[in-house]
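Understanding the architecture of this molecule
Chain residues, written in single-letter form:
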Amino acid sequence: MNEQDYNSSVSGYLTDGFEGINRNFTDIEILHYNGHHILARAKRYGRWWMLKAIKEEEAGQTAYQQMLRKEFDILMHLQSPHIVQATGMELVEGLGMCIVMEYVDGIQLNEWLKEPKCLTKRFQKTVEFLKAVEYIHSIGTVHRDLKPENIMVTRNGENIKLIDFGL
């Protein structure tokens, strides 16, 4: 057998490019301007990510850069199924330095509570929320912006996810 017999790319099934999959962020969509930051949704490797950046007019100020870095540091130390996961911090074209986080496909707790739910489901969400807060406090961290808008309920399983540890 020769080298070609071992190379699966000669079959034509593997190529250098992957349609719809890109290592750069694409399809960037600004979802929210709040205070001094921007939240955007973007695709990378075919899946959605949440990007948090500082507004352009304040991006050059050291205090805001330090606050973004502090939030990143906090998120990187938190490992819980009920807290949004950060995966990195990097420079994103058009946004500047961003915290890269999982995109939580869900609705805010205040919206979820408007829909009729059985008492058992409401109790389960309360327990999940309390476990997340207990965990955060057990490692000496405080959320600082805990409100229903910063508590998401996921569409795939209706799990609680705390988001936005605040600049």
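Below: a short report on this structure. (Residues numbered from 1 in each chain as written. Predicted model: local features only at pLDDT ≥ 70, side-chain atom pairs only at ≥ 80, totals over all residues. Heavy atoms only, no water.)

For the rest of this paragraph, the subject is unusual backbone geometry. Residues apart from glycine generally show negative phi values, whereas peptide bonds are mostly found in trans. A positive phi angle, close to 50 degrees, is found at Glu158, a residue other than glycine. Turning to its location among the elements, Glu158 is positioned in the loop between strand E7 (151–154) and strand E8 (160–162). With a phi close to 50 degrees, Asp164 is a non-glycine residue in the positive phi region. Considering the arrangement of structural elements, one finds Asp164 in the segment after E8. (Helix = DSSP H or I, 4+ residues; strand = E, 2+ residues; numbered from the N terminus.)

Attention now goes to the pairing of E7. Of the two faces of E7, the one lined by Ile151 and Val153 and the one lined by Met152 and Thr154 are each fully buried. Pairing analysis gives 3 bridges linking strand E6 (residues 106–108) to E7, with the strands arranged antiparallel. Across the sheet, residue Ile107 finds its bridge partner in E7, namely Val153. Examined bridge by bridge, E7 and E8 share 3 bridges and lie antiparallel to one another. Across the sheet, the residue bridging to Met152 is Lys161, located in E8. Hairpin remark: E7 followed by E8, antiparallel, with 5 residues in the connecting loop; positive phi at Gly157, about 120 degrees. (Buried < 20%, exposed > 50% of the residue type's maximum accessible area, 1.4 Å probe, protein only. Pairing = 2+ DSSP bridges.)

Before going further, it helps to spend a moment on the side chain of Ser80. You can see Ser80 is positioned in the loop between helix H2 (62–77) and strand E4 (86–92). The residues contacting Ser80, other than those within four sequence positions of it, are Gln85 and Tyr135. (Contact = heavy atoms within 4.5 Å.)

It is possible for side chains bearing opposite charge to pair when their charged atoms get close. This model, assessed by the stated rule, comprises 13 salt bridges. One salt-bridge network, in which partners are shared between bridges, spans Glu115, Lys117, Lys121 and Glu158. (Salt bridge = Lys/Arg side-chain N within 4 Å of Asp/Glu carboxyl O.)

Before going further, it helps to spend a moment on the sheet that holds E7. With antiparallel pairing, the 3 strands of this open sheet are ordered in space as E6-E7-E8. Since the sheet does not close on itself, it has two edges, and those belong to E6 and E8, each with one partner. With strand direction ignored, the average angle separating the axes of adjacent strands in the sheet is 35 degrees. Where helix H4 (residues 119–138) meets the sheet, its contacts fall on E7 and E8, and the angle it forms with E8 comes to roughly 30 degrees. (Axes fitted to C-alpha atoms, helices over the stretch in contact; angles between N-to-C directions.)

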